[in-house]
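In case you want the letters, here they are:
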Amino acid sequence: MRERVWSTIGKDWVMTITELEERLVSLEQTVQRLQAQQRAAPATRRWWVEAAGRFADDPVFDEIVRLGREYRESLRPKSGKKNRAHS
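Here's what I pulled together on the structure shown here. (Residues numbered from 1 in each chain as written. Predicted model: local features only at pLDDT ≥ 70, side-chain atom pairs only at ≥ 80, totals over all residues. Heavy atoms only, no water.)

**A short note on the packing of aromatic side chains**
Within this structure, the stated rule accounts for two aromatic pairs. Summarising the aromatic geometry, the rings of F55 and F61 are spaced 4.7 Å apart at their centres and angled 10° between planes, so their arrangement reads as stacked. According to the relative accessible area criterion, F55 is partly exposed, its value standing at 40%. The exposure class of F61 is partly exposed, given its relative accessible area of 32%. (Phe/Tyr/Trp six-rings, centres within 6.5 Å; stacked < 30°, edge-to-face > 60°. Buried < 20%, exposed > 50% of the residue type's maximum accessible area, 1.4 Å probe, protein only.)

Next up, the structure:
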């Protein structure tokens, strides 16, 4: 009888030691390949770094920002009462 590895999930013998070793070698090779791909991949730039300053000195963008701020401020409560959630 070939020696088999016990599965704690299925409560049954699922593979031989040799099969388990082969599977482990395959998994280790896959991990090494993925790590090599990760190291070889060009560093991705963060999109916000590329976009920073794109609208500098743009009057249309400045107007968009002003209108957005005006709209958000219009949504704030106008009364001087404290917010109950913070009292």
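**Description of the pattern of salt bridges**
Across all of its chains, the model carries two salt bridges by this definition. Between E70 and R66 there is a salt bridge, with the nearest N and O atoms lying 2.8 Å from each other. Taken together, the positions of E70 and R66, both in helix α3 (residues 59-75) and four residues apart, correspond to about one turn of that helix. (Salt bridge = Lys/Arg side-chain N within 4 Å of Asp/Glu carboxyl O. Helix = DSSP H or I, 4+ residues; strand = E, 2+ residues; numbered from the N terminus.)

**Description of unusual backbone geometry**
Phi at D57 takes a positive value of approximately 60°, unusual for a residue other than glycine. Among the secondary structure elements, D57 is positioned in the loop between α2 (47-51) and α3. Judged by its relative accessible area of 77%, D57 falls in the exposed class.

**Thoughts on a nonpolar patch on the surface**
On the surface, a nonpolar cluster with roughly 430 Å² of combined accessible area is contributed by F55, V60, F61, I64 and V65. With respect to the helices and strands, the residue F55 is situated in the loop between α2 and α3. (Patch = residues over 30% accessible without salt bridge, like charges linked within 9 Å, V, L, I, M, F, W, Y side chains within 5 Å. Areas by Shrake-Rupley, 256 points an atom, 1.4 Å probe, with all protein chains shown as cover.)

Any functional reading would require information that these geometric values do not contain.
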